[in-house]
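# Structural description and commentary
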Amino acid sequence: MKTTSLLTGVVFMLLSGAALAAGPKQVDSTQALQLQEMGTVQISGIEGSTDDAIHALKDKAAQQHAGHYQIIALGNPSNSSLWDGTAILYK
């Protein structure tokens, strides 16, 4: 009996930690219609790939305690490996 309770507790803690680690979810414009906007974040000069730039926007969204974010601009000016981007944050 105690083993089952302990195992259930451990599984719950692991699932809770995974949910928190996941951070904000990226949404598209249709999904965003159902959410409450809370501002924007921008990144500039992120070296690497689009994945690195998206990860930087997600990190900024997490710092602002956003539940969701929508990327509205992402690019590398002058065809460099430095990325800029903007995302709208939602509760």
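What comes next is a walk through the structure. (Residues numbered from 1 in each chain as written. Predicted model: local features only at pLDDT ≥ 70, side-chain atom pairs only at ≥ 80, totals over all residues. Heavy atoms only, no water.)

Across its full length, the protein holds 3 helices and 4 strands. When the helices and strands of the protein are read in sequence order from the N terminus, they spell out α-β-α-β-α-β-β. Excluding contacts between residues fewer than 6 apart, the proportion of contacts in the protein whose partners are at least 24 apart in sequence is 60%. Summing over all exposed atoms, the protein offers an accessible surface of approximately 6,400 Å²; the carbon and sulfur share of this is 57%. (Helix = DSSP H or I, 4+ residues; strand = E, 2+ residues; numbered from the N terminus. Contact = heavy atoms within 4.5 Å. Areas by Shrake-Rupley, 256 points an atom, 1.4 Å probe, with all protein chains shown as cover.)

The buried count for strand S4 (residues 82–90) comes to 7 of 9 residues, which makes it a mostly enclosed element. Note that strand S2 (residues 37–47) and S4 share 8 bridges and pair antiparallel. Looking at S4, one finds that Ile-43 is bridged to Gly-85. A loop of 6 residues connects strand S3 (residues 68–75) with S4, the two strands running antiparallel in sequence, and Ser-78 in this loop sits at a positive phi of about 60 degrees. (Buried < 20%, exposed > 50% of the residue type's maximum accessible area, 1.4 Å probe, protein only. Pairing = 2+ DSSP bridges.)

The next point concerns the nonpolar core. Core analysis: the biggest nonpolar cluster contains 11 residues, these being Val-41, Ile-43, Ala-53, Ala-56, Leu-57, Ala-61, Ala-66, Tyr-69, Trp-83, Ala-87 and Leu-89. For this core, the elements supplying multiple residues, two or more each, are S2, helix H3 (50–63) and S4. Looking at this core, the element that brings in the most residues is H3, giving 4 residues. What Ile-43 contacts, discounting residues up to four positions off in sequence, is Ala-53, Ala-56, Leu-57, Lys-60, Trp-83, Asp-84 and Gly-85. (Core = buried A, V, L, I, M, F, W, Y, C linked by side-chain atoms within 4.5 Å.)

Taken in spatial order, the 4 strands line up as S1-S3-S4-S2 in an open sheet, and their pairing is mixed. At either margin of the open sheet sits one strand with a lone partner, and together these are strand S1 (25–26) and S2. Pairing geometry for S1 and S3, over 2 bridges, is parallel. Within S3, the position partnered with Gln-26 by the bridge is Tyr-69. Strand contacts of H3: S1, S2, S3 and S4, with the helix running at about 140 degrees to S2, the strand carrying the most contacts. (Axes fitted to C-alpha atoms, helices over the stretch in contact; angles between N-to-C directions.)

Geometry only, nothing functional implied.
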